[in-house]
Amino acid sequence: MHSGHREALLQMEHITKSFSGVKVLEDVFFDLNQGEVHVLAGENGAGKTTLIKILAGVHTDYEGDIRLNGQPIRFKNPHDAAESGISAIHQDMSLINSMTVVDNIFLGREHTIGKVWMDFRTQKERAQKLIDQLGIDVNLNFPVEEYPVSVRQMIEIAKALAYDARIIIMDEPTSALNELEVERLFQIIQDLKQKNYGIIYITHRMEEIYEISDRITVLRDGKRIGTAHADDLSPQELIQWMVGREISQQFPDRTPSTGKERLRVEHLYLPDPTGTKPWVVEDINLSLNSGEILGIAGLRGSGKSELFHGLFGTFGKIPDGRVQLDGRPFRIHSPIHSIKQGLALLTNDRKGTGLVSPMNIIRNISLSSLRKYSPGGWMQFQEEKIAAQNHIEAFGIKAQSMHQEVETLSGGNQQKVVLAKWLEIHPKVLLLDEPTLGVDVGAKHDIYALMNRWTAQGMAILLITSELPELLALSDRIMVMHRGRSTAEFINEEATQEKITRAAMGDEKTYEKKTGNSG
Amino acid sequence: MKRKQEIQGKSNQKRNWLRSPLLRAFAALVLVFLIGMMFNADGAFFKWNTHRDMLRHISVFAILACGMTLVIITAGIDLSVGSLLGLTAVLFSLFSLQKMWSPLLALLACMVIGAALGAVSGGLVGRFKIQPFIATLAMMVFARGLAKWVSGGQKISTAVLQPDGTYQYVDVPPIFEFLNSKLLNENIAVVTLILFACVLICWVILTKLRWGRYIYAIGGNEEAARLSGIPVIQTKLLTYGLSGFFCAIAGICQAAQELQGDPEAGMTYELTAIAIVVIGGTNLMGGRGGIGLTFIGAMTIGYLEKILSINAVGEASRLMLTGTIIIGAVLFQKTRK
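Residues numbered from 1 in each chain as written. Chains lettered and ligands numbered in written order. Predicted model: local features only at pLDDT ≥ 70, side-chain atom pairs only at ≥ 80, totals over all residues. Heavy atoms only, no water.

Student: Would you mind going over helix 13 (residues 381–395) of chain A with me for this structure?
Tutor: The periodicity of an α-helix, 3.6 residues per turn, causes residues three or four positions apart to be oriented the same way. All names here are of chain A. If you check helix 13, its first and last C-alpha atoms are 21 Å apart, about what 15 residues at 1.5 Å a residue would give, namely 21 Å. Among the residues of helix 13, Glu-384, Ala-387, Ala-388, His-391, Ile-392 and Phe-395 are the ones counted as buried. Along the axis of helix 13, the buried residues cluster in a sector spanning 140°; they form a single face. Facing away from the buried side of helix 13, by more than 90 degrees, are the exposed residues Gln-382 and Glu-393. Gly-396 sits one or two residues past helix 13 and shows a positive phi near 65°. (Helix = DSSP H or I, 4+ residues; strand = E, 2+ residues; numbered from the N terminus. Expected span 1.5 Å × (residues − 1). Buried < 20%, exposed > 50% of the residue type's maximum accessible area, 1.4 Å probe, protein only. Arc of directions from axis to C-beta.)

And the structure:
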């Protein structure tokens, strides 16, 4: 199976890295041979990206040793790493869309005559060779933005090859590709293997891991759990390695008290706002009762966040008749309309779409309910302040003063401010997208307790969280999404991390109950 | 423990106060004022008339800067203010001097037109998501063209062309004289009082009205504001419209001061208005700032120019010095942050 002895390209040993006192990598080993695809697997937050960033010269203050072709090396910056033959292809691609294919391929390493004049001819010849090698059909003089994501990915690979990279890091390269394009990519990877390149491959998709990997290393909570040849590691074992942490967090007891149906979604389709594929959400059906928490699981790119935004009206109008709230048609038109009808959305990007950072706590809390505090357009500061004060106490928001700008608060307190803003509108249904992201353990516990209190009062919650233990502990039911579709639905008692992980990776054999028709 | 927290809180508050933008803007003004006392041009700087004239001179710019401040807090910019001033100056002269409209009607018509054109910019920015720089640049060019078209490229003055080809001088309407006069024993110009009123209006909007909260929220984080149910498009429409309204007021004052409507009036005034806002300390990135800052900024620029002019510094040096000092003031505010 494994073609004899191969030379080691890379060894990383005893790698330890901390961010402001918190260890994100602890004594990690990783190595890579010539002509090998080594998959780096693990849940979100396991430390994969940090390890890759150390290798790519992005993080420079780490403990441990890196050896490249047997020689110890320490990169000072990403350029340094690139010069040494390490090239990373990131999810958020590093191409400059308005520049041409050839300019992108040689960006930062332009061929010149006398260090001043651009040597267009050499660049073009070399670029054409690389493009031919990859077997893609592009016009070198067209701007990159003319091509779909899949082709851009190939151009990115061409760029890596142009750097004379020996080690190519691919971080979830297939997340934006369709099946055919994935196949093409895998062919290229096979080619690269033949040519003795070493490839570090990060993915969340089970089928990919077994299709292309030679070896697999699993990280969990910053530690290396193990490295194994792909043939020696069963999918069951792999999942165990990935998710098998002891649930150390304490979750408050939850006594579900579900009432009548609040939210009903039927055959909901959402067009892709970026336009790369026709739908980001396809044929979603769900029903949510008052007092219930429905968890939604899925990997990045599964469409779960888009489902929330679509329901909330972030993307604009959606034809009526697909969604009902409290038995009445729910009109998706714009966030203003959704808020008026009793829907609230906590986004997963607190800084980008949740808080208004230059404003203080009071003003952030009242942001969605300003009308209530401004009869006739005149602000009633006293009432606004009292309401904010009540929320600060109820949520246990720790701040020096309620006039403090939210920028200066900790992640947990910021999240509580955003939650307080949404509580102010007295929502019927609360959409929570990663409510505990970047929140410390104490505040997490507070948020869990609050969620239980709200549902006891009849509110219904749709919950997205990528922390599976949290999802399992909080949800009454769990729906799993994969590539925009619902692939499984569990009630709390049936659900396990393994089942969810499989369904989220699109492993069809494990579907408990298929929802929607797949046509 | 609690006591300790309180003390900490206090010391923090003190530091915040020192970092307050208002104080920094005021410090810059005091600095310029001290320079004026040093280079007082044989005591000219100590006469009230110097200060009155400074205020009168800066008023038209400062009125433009009022609307500009609100627009900039929404993280926008309004390049059309100079052209809208020119257009409304021409229209006001046309209506009052040639068409012989009643002053009230002429005033109202100009204000409505100014506000409407401002709102068009706001609509382009809000509804059609055109970058504020581009949308208002287009409005700047368009309004200048409109001013030249309605005036036939001529200054609209008290010399009115008669059907027989001769010019006949009409009396200066009382509204012109009033707007150009000084009150309280000639101690304060009417335009300065109008400026005070504009500042007051902006202060009420920004600090007392829901509208003001919308303005800050949009400038602070537009997407978060939109997702919080804030009517972003309407707010932008209104805010740019208000800027246009202030342009009309400034244009009317300008026409009264010049006793004519010059289609070329207001060229580059947008730059002065932006400079006033920036020197005041309102952040071009949006979300932070206030009208008090702009008022102080206007006085700073006003004094600066006045000091240079009473000391008979030539125009060339004056411009170079002004440019340098703008950068100095902005850097000064930055380092203090």
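Additional details are given in the paragraphs that follow.
Student: Looking at this structure, I do not really get the sheet that holds strand 17 (residues 328–329) of chain A. What am I missing?
Tutor: Strand pairing in a sheet relies on backbone hydrogen bonds. The paired strands run either parallel or antiparallel. Residue and element names in this part refer to chain A. If you trace the four strands from one edge of the open sheet to the other, you get 14-13-16-17, paired in antiparallel fashion. With one partner strand each, in any of the chains shown, strand 14 (279–289) and strand 17 form the two edges of the open sheet. Taken together, the seven bridges between strand 13 (residues 261–271) and strand 14 define a ladder with antiparallel strand orientation. Looking across to strand 14, one finds that Leu-263 is bridged to Leu-288. Together, strand 13, strand 14 and strand 16 (323–325) form the strand contacts of helix 9 (residues 304–312), whose direction differs from that of strand 13 by roughly 105°. (Pairing = 2+ DSSP bridges. Contact = heavy atoms within 4.5 Å. Axes fitted to C-alpha atoms, helices over the stretch in contact; angles between N-to-C directions.)

Student: Would you mind going over unusual backbone geometry with me for this structure?
Tutor: What is expected of a backbone is that most residues other than glycine have negative phi and most peptide bonds are trans. We note that Glu172(A) has phi near 45°; this positive angle belongs to a residue other than glycine. Within the secondary structure layout, Glu172(A) lies in the loop between strand 9 (167–171) and helix 6 (179–194). Given the relative accessible area of 8%, Glu172(A) is considered buried. One non-glycine residue, Leu184(B), lies in the positive phi region at around 55°. By secondary structure assignment, the location of Leu184(B) is in the loop between strand 3 (182–183) and strand 4 (188–189).

Student: Can you help me understand a nonpolar patch on the surface in this one?
Tutor: Residues and elements named next belong to chain B. A surface patch of nonpolar side chains, about 550 Å² in accessible area, is lined by Phe-128, Ile-130, Phe-133, Ile-134, Leu-137 and Val-141. Inspection of the secondary structure puts Phe-133 in helix 6 (residues 132–151). What makes Phe-133 partly exposed here is its relative accessible area of 47%. (Patch = residues over 30% accessible without salt bridge, like charges linked within 9 Å, V, L, I, M, F, W, Y side chains within 5 Å. Areas by Shrake-Rupley, 256 points an atom, 1.4 Å probe, with all protein chains shown as cover. Salt bridge = Lys/Arg side-chain N within 4 Å of Asp/Glu carboxyl O.)

Student: What am I meant to see in the sheet that holds strand 11 (residues 215–220) of chain A here?
Tutor: Residues and elements named next belong to chain A. Read from one edge to the other, the open sheet built from six strands follows the order 6-9-10-3-11-12, with strand pairing classed as mixed. The sheet terminates laterally at strand 6 (86–89) and strand 12 (223–229), the two strands that pair on one side only. Pairs of neighbouring strands in the sheet enclose a mean axial angle of 20°, with direction left out of account. Pairing between strand 6 and strand 9: four bridges, direction parallel. Bridge pairing in strand 9 places Ser-87 opposite Ile-168.

Student: What am I meant to see in helix 11 (residues 232–258) of chain B here?
Tutor: Residue and element names in this part refer to chain B. With 27 residues, helix 11 should reach 39 Å at 1.5 Å per residue; the first-to-last C-alpha distance of 39 Å fits that figure. Taken across its 27 residues, helix 11 has 20 buried, putting it largely inside the fold. Positive phi shows up at Leu-259, right after helix 11, with a value of about 55°.

Student: It is not clear to me how the environment of Tyr169(B) should be interpreted in this structure. Could you clarify?
Tutor: All names here are of chain B. Summarising the element assignment, Tyr-169 is placed in strand 2 (residues 167–169). The sequence separation of Tyr-169 and Leu-97 amounts to 72 residues, and the corresponding C-alpha distance is 9.7 Å. Residues in contact with Tyr-169, not counting those within four places in the same chain, are Thr-158 and Ala-159.

Student: Got a minute to help me understand the confidence of the model for chain B in this structure?
Tutor: Do not read the fine detail of predicted coordinates wherever pLDDT is low. Residue and element names in this part refer to chain B. Per-residue pLDDT for chain B has a mean of 88; in total, 93% of the residues score no lower than 70. In this model, residues 1–15 is a region of pLDDT below 50 whose contacts with residues beyond four sequence positions or in other chains number one contact. Here the complex is predicted with pTM 0.76, and the ipTM for its interfaces comes to 0.83. (pLDDT = per-residue confidence, 0-100.)

Student: How should the pairing of strand 22 (residues 485–491) of chain A be read in this particular structure?
Tutor: The two faces of a sheet get side chains in turn, since along a regular strand they alternate between them. Residue and element names in this part refer to chain A. Within strand 22, five of the seven residues are buried, which leaves the element mostly enclosed by the surrounding structure. Both strand 21 (residues 477–482) and strand 22 contribute to a ladder of six bridges, which runs antiparallel. Of the residues in strand 22, the one forming a bridge with Met-479 is Glu-489. Where strand 21 hands over to strand 22, the hairpin turn is made up of two residues, of which Arg-483 adopts a positive phi near 50°.

Student: In this structure, what is going on with the nonpolar core? I would like to understand it.
Tutor: It is characteristic of soluble globular proteins that their nonpolar side chains tend to be buried jointly. Residue and element names in this part refer to chain A. Judged by nonpolar contacts, the single largest core of 130 residues is most densely connected at Ile-105, Ile-168, Tyr-201, Leu-307, Trp-454, Leu-462 and Ile-500. The biggest single contributor to this core is helix 5 (residues 149–162), with eight residues. With residues near it in sequence (within four places) discarded, Ile-500 still touches Ala-297, Leu-468, Leu-471, Leu-472, Ile-478, Val-480, Phe-490 and Ala-495. (Core = buried A, V, L, I, M, F, W, Y, C linked by side-chain atoms within 4.5 Å.)

Student: Is there a simple way to think about the packing of aromatic side chains in this case?
Tutor: To describe a pair of aromatic rings, you give the distance between the ring centres and the angle between the ring planes. Per the stated rule, a full pass over the model turns up 14 aromatic pairs over all chains. Aromatic pair Phe186(A) and Tyr201(A): ring centres 6.4 Å apart, planes at 70°, arrangement edge-to-face. In this pair, Phe186(A) is assigned in helix 6 and Tyr201(A) in strand 10 (residues 198–202), connecting sequence segments 15 residues apart. Owing to a relative accessible area of 0%, Tyr201(A) belongs among the buried residues under this scheme. A network of ring pairs unites the aromatic residues Phe33(B), Phe45(B), Phe46(B) and Tyr303(B) as a single cluster. A cation sits over an aromatic face here: Arg166(A) above Tyr197(A), 4.7 Å from the ring centre. Looking at Arg127(B), its charged tip hangs above the ring of Phe128(B), at a distance of 5.3 Å from the centre. (Phe/Tyr/Trp six-rings, centres within 6.5 Å; stacked < 30°, edge-to-face > 60°. Lys NZ or Arg CZ within 6 Å of the ring centre and 35° of its normal.)

Student: Help me out: how do you make sense of the state of the cysteines in this one?
Tutor: Note: disulfide means a covalent bond formed between the sulfur atoms of two cysteine side chains. Taken as a whole and judged by the stated rule, the model has zero disulfides over all chains. Free cysteine Cys66(B): the closest other cysteine sulfur is in Cys202(B), separated by 4.5 Å. (Disulfide = S-S within 2.5 Å.)

Student: Is there a simple way to explain the environment of Ala56(A) in this structure?
Tutor: All names here are of chain A. Topologically, Ala-56 is positioned in the loop between helix 1 (48–55) and strand 4 (63–68). Separated by 23 residues in the primary sequence, Ala-56 and His-79 place their C-alpha atoms 8.6 Å from one another. Beyond its immediate sequence surroundings of up to four residues, Ala-56 is in contact with Asn-77, Pro-78, Ala-81 and Ala-88.

Student: It is not clear to me how the confidence of the model for chain A should be interpreted in this structure. Could you clarify?
Tutor: Residues and elements named next belong to chain A. With 92% of its residues at a pLDDT of at least 70, chain A reaches an overall mean of 85. Looking at the elements of chain A, mean pLDDT is at its lowest for helix 8 (residues 235–243), recorded as 79, and at its highest for strand 18 (residues 343–346), recorded as 96. Note on residues 509–519: pLDDT under 50 across the span, and 18 contacts to partners over four residues away in sequence or across chains.

Student: Explain empty space enclosed by the protein here, please?
Tutor: The method is simple in principle: a probe with the dimensions of a water molecule rolls over the atoms, and the space it marks as empty is what remains. All names here are of chain A. With the rule as written, the count across this model stands at four cavities of 30 Å³ or more. In this structure, the largest cavity encloses a volume near 240 Å³. Lining the largest cavity are 16 residues, with Glu-43, Gly-298, Leu-299, Ser-466 and Leu-468 positioned closest to its centre. Residue assignment for the lining of the largest cavity shows that the elements contributing at least two residues are helix 8, strand 15 (293–298) and helix 17 (497–504). Of the residues forming the lining of the largest cavity, the biggest block, three residues, is contributed by helix 17. Partitioned by chemical class, the residues of the lining of the largest cavity number eight nonpolar, six polar and two charged. (1 Å grid on protein atoms, 1.4 Å probe; cavity = no way out; pocket = protein on both sides within 12 Å on 5 of 7 lines; lining within 4 Å. Points joined across faces, edges and corners; volume = space filled by probe spheres on them. Nonpolar A, V, L, I, M, F, W, Y, C, P; charged D, E, K, R; others polar.)

Student: Looking at this structure, I do not really get the interface of chain A and chain B. What am I missing?
Tutor: Many analyses report the size of an interface as the accessible area lost when the parts associate. Contacts between the two partners involve 33 residues from chain A and, on the opposite side, 22 residues from chain B. Summing both partners gives a buried area of about 2,300 Å² for chain A against chain B, and 56% of it is carried by carbon and sulfur. Connecting chain A to chain B are three salt bridges. The shortest N-O distance in the salt bridge between Arg288(B) and Glu407(A) comes to 3.3 Å. Where chain A packs against chain B, one counts twelve residue pairs in polar contact (both at pLDDT 80 or more). Elements supplying a minimum of two residues to the side of chain A that touches chain B: helix 9, helix 10 (335–340), helix 11 (350–354), helix 13 and helix 14 (411–423) of chain A. The element best represented in the side of chain A that touches chain B is helix 11 of chain A, accounting for four residues. Among the residues making up the side of chain A that touches chain B, the classes are represented as 14 nonpolar, twelve polar and seven charged. (Buried area = accessible area lost by both parts, 1.4 Å probe. Polar contact = N/O pair within 3.5 Å; in protein donor to acceptor, adjacent residues only side chain to side chain.)

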